Amino acid sequence: MTKKYASVHQPLIARLQLETEKGHKKSADCTKAVKSKLHQLYGAYTQDNAHKKAAAAITMLEQCLERDNSNTSLILDTATSLLSLHASTKERLPYYAQFYEFILSHTDPVESILDIGCGYNPFSIPYLLAAANDLQLCPTTAVNLKSYHAYDIDTRVAILINRFCVCLGLPSLALCEDLAVYTPNAQADIALMCKLIPVLEAQAPGSGYKLARELNTRYLLITYPLKSLGGREKGMSKHYTAAFEKAMASGELGKFMLLGHKYVGNEILYMLEAKAT
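Residues numbered from 1 in each chain as written. Predicted model: local features only at pLDDT ≥ 70, side-chain atom pairs only at ≥ 80, totals over all residues. Heavy atoms only, no water.

### Details of unusual backbone geometry
Residues apart from glycine generally show negative phi values, whereas peptide bonds are mostly found in trans.
Inference 1: Here the phi dihedral of Lys195 falls at roughly 60°; this positive angle occurs in a residue that is not glycine.
Inference 2: Within the element layout of this structure, Lys195 appears in the loop between strand E4 (188-194) and helix H9 (197-203).
Inference 3: Overall, the relative accessible area of 11% leaves Lys195 in the buried class. (Helix = DSSP H or I, 4+ residues; strand = E, 2+ residues; numbered from the N terminus. Buried < 20%, exposed > 50% of the residue type's maximum accessible area, 1.4 Å probe, protein only.)

Here is the structure:
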């Protein structure tokens, strides 16, 4: 495998190789197919040298906070820079206030978050705190964040998120897992599955919804992209709306019931809550 994917969670690569070998007799063809899948899962979203740039920005933040740990404007500026390094969060960046205001309008006070297939989204925590307090960077009764569990497939991303969380006074809880076959057992107030279900469904139909219904959270946010990374619509809104409605009607989302939905930027957001038992 190329250097580009050296930091990707190795059990995931092993699974892709095993699955791909069944349809390819030649080793070179198998390797090419695995690389194609990894590009769809990961490579298409990450800029060249993004992790190096992110590490440098976090190092600067750490050094500045050692001198002045109350510099909230620097934290927000750093978060903005970090979010701009990943295709998915860069696309969401102008809309984070609307994104979190929609979420918080449907939840009780949030103390714990589970961000699955997170990418660089945990770097938006300052935007969450801002949305919770009329764009002022401090927690309120709406958000008194004590834990943020993040899961990605890149070991470097997990390390960067943990360093950033330390800067915010949060515990280091970011991990790597193959989410097509693994369900996080962390308990949280809300789980975020941002643009993740289409990625998982492309690997193994049913795996995305299976993951969602097995989560140990009260609230669940599921989002779908409305445009490709190249900015084309391709009928995605109609397709993903139909897929979500079918999943709800068939019971694929189990205990979760729909609270509301909203179009924000190039995403459609669905907010769900676990049914009382």
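### Quick word on the side chain of Ser112
Inference 1: When you line up the elements, Ser112 lands in strand E1 (residues 110-116).
Inference 2: Given a relative accessible area of 11%, Ser112 falls into the buried group.
Inference 3: At a separation of 2.9 Å, a polar atom in the side chain of Ser112 contacts the main-chain amide nitrogen of Asp189.
Inference 4: When neighbours within four sequence positions are excluded, Ser112 is seen to be in contact with Leu145, Ser147, Gln187, Ala188, Asp189 and Ile190. (Polar contact = N/O pair within 3.5 Å; in protein donor to acceptor, adjacent residues only side chain to side chain. Contact = heavy atoms within 4.5 Å.)

### Describing the nonpolar core
Side chains of a nonpolar character, in soluble globular proteins, are inclined to be buried together.
Inference 1: Within the largest apolar cluster, 52 residues are counted, with the highest numbers of intra-cluster contacts made by Ile103, Phe123 and Leu221.
Inference 2: Ranked by residues supplied to this core, first place goes to helix H8 (residues 155-167) with seven residues.
Inference 3: In terms of nonpolar packing, the next biggest core, distinct from the first, is built from 30 residues, Tyr151, Leu179, Leu196 and Phe256 among them. (Core = buried A, V, L, I, M, F, W, Y, C linked by side-chain atoms within 4.5 Å.)

### Here we look at the pairing of strand E2 (residues 143-152)
As a general feature of sheets, a regular strand has side chains that alternate between the two faces.
Inference 1: The element E2 is largely enclosed, with a buried count of eight among its ten residues.
Inference 2: Here E1 runs beside E2; their pairing, made up of six bridges, is parallel. Residue Asp115 lies in a different strand from E2, and its bridge partner there is Ala150.
Inference 3: Inspection of the sheet shows E2 paired to strand E3 (residues 175-176) by two bridges, in the parallel sense. Each residue of the ladder has a partner; that of Asp152, found in E3, is Cys176. (Pairing = 2+ DSSP bridges.)

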